[in-house]
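Structure assessment
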Amino acid sequence: MRVHIATDHAAFELKEYLREQLSAAGHDVVDHGATSYDAEDDYPDTCIPCAEAVVADPESLGIVLGGSGNGEQLAANRVKGCRAILAYNTEIAKLGREHNNANVISLGGRFTTNEQALEIVNVFLTQPFTQEERHARRVQKMTDYEDAHLA
Ligand SMILES: O=C(CO)[C@H](O)[C@H](O)COP(=O)(O)O
């Protein structure tokens, strides 16, 4: 699967780890930066382009990383068509795919080990959306809102 990934400085090492692990597992990983550690960088600069790439490539999924994951999720969700969840365990990641058809996962690198993050990401990448009517209906209502109100 093609996987778009982005981070700020706070999870730079985690991004490098995930990129290596996911590439080794056969995923086509597209790295949207940061490309080096810079304590003054800003998460919207990498997370928004990452979310844009996911929306433009509907077969792909995305990962945004930061210290908490909060701002990174917020930044990704500025992009029309992006459904980013903040996940802190495997069950939340699973539900994000099953119920919400999330296409981006946000993780807080200051609150998870590299190994925990990889486990969460692997669940996210492998769990399909259920397609159940009630979940599809709710996701569609968000899409309808975007289509009606967002450029
Ligand atoms: O998690 C984040 C945003 O939600 C950022 O990674 C975090 O705010 C960066 O903090 P600092 O500039 O103090 O390293």
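All residue numbers refer to positions counted from 1 along the written sequence of the respective chain. Local features are withheld for residues below a pLDDT of 70 in this predicted model, meaning they are given only at 70 or higher, and side-chain atom pairs are given and counted only at 80 or more; totals for whole chains, interfaces and linings count all residues. Only hydrogens and water are set aside when side-chain values are computed; all heavy atoms of the structure are taken into account.

1. A closer look at helix α4 (residues 90–98)
Condition: Remark: exposure states derive from per-residue accessible area (1.4 Å probe, protein chains only) relative to the maximum for the residue type, with buried under 20%, exposed over 50%, and partly exposed in between. The secondary structure listing takes helices from DSSP runs of H or I that are at least 4 residues long and strands from runs of E that are at least 2 residues long, numbered from the N terminus. Note on contacts: a residue pair qualifies if any of its non-hydrogen atoms lie within 4.5 Å across the two residues. The definition of a polar contact used here is a pair of N or O atoms within 3.5 Å, where within protein one atom must be able to donate a hydrogen and the other to accept one, and adjacent residues in sequence count solely through side-chain atom pairs.
Buried within α4 we find Ala93, Gly96, Arg97 and Glu98. Tucked inside the fold, the buried residues of α4 contact β3 (61–66), β4 (84–86), β5 (104–108), α5 (114–126) and α6 (133–149). Capping of α4 at its N-terminal end is provided by asparagine 89; its side-chain oxygen lies 3.1 Å from the backbone amide nitrogen of glutamate 91.

2. A short note on the packing of helix α1 (residues 12–24) against α5
Geometrically, a packed helix pair is captured by the angle between its two axes and the distance between the axes. Rule in force here: Structural elements are reduced to axes, namely lines fitted to C-alpha atoms, with helices fitted over the stretch in contact, and the angle between N-to-C directions of any two is expressed from 0 to 180 degrees. Roughly parallel means an angle under 35 degrees; roughly antiparallel means over 145; roughly perpendicular covers 65 to 115; every other angle is labelled oblique. Handedness of each helix crossing follows the sense of rotation of the near helix against the far helix: counterclockwise by less than a right angle gives left-handed, clockwise gives right-handed. Note on residue classes: Ala, Val, Leu, Ile, Met, Phe, Trp, Tyr, Cys and Pro are nonpolar, Asp, Glu, Lys and Arg are charged, and everything else, Gly too, is polar.
Viewed as axis vectors pointing N to C, α1 and α5 meet at an angle of 50°, and their least axial separation amounts to 10 Å. Taken together, α1 and α5 sit at an angle that is classed as oblique. In the crossing of α1 with α5, the sense of the turn from one axis to the other is right-handed. From α1, Leu14, Tyr17, Leu18, Gln21 and Leu22 reach across to α5, where they touch Asn114, Glu115, Ala117, Leu118, Val121, Asn122 and Leu125. Considered class by class, the residues forming the contact of α1 with α5 number 8 nonpolar, 3 polar and 1 charged.

3. So, the side chain of histidine 9
For histidine 9, the position within the fold is in the loop between β1 (2–7) and α1. For histidine 9, a relative accessible area of 15% puts it in the buried group. Engagement of the side chain of histidine 9 in a polar contact is seen with the side chain of aspartate 41, the distance being 2.6 Å.

4. Brief notes about the UniProt feature "binding site: D-ribulose 5-phosphate" (unreviewed entry) in the protein
Cut-off, in case you're wondering: UniProt positions are given in the numbering used here, feature names are shortened, and annotations may be inferred rather than shown by experiment.
With numbering matched to this structure, UniProt assigns "binding site: D-ribulose 5-phosphate" (unreviewed entry) to Asp8, His9, Gly67, Ser68, Gly69, Asn70, Gly71, Asn100, Arg110, Arg134 and Arg138. Over a stretch of 131 residues, the named residues are scattered through the fold, their C-alpha atoms separated by up to 38.8 Å. Position of glycine 67 among the secondary structure elements: in the loop between β3 and α3 (70–76). With near-sequence residues (within four places) excluded, glycine 67 lies in contact with Asp8, Ala10, Glu72, Gly108, Gly109, Arg110 and Phe111. Setting aside anything within four residues of it in sequence, one finds serine 68 in contact with Leu86, Leu107, Gly108 and Phe111. Polar contacts involving the side chain of serine 68 include one to the main-chain amide nitrogen of asparagine 70, which spans 3.0 Å.

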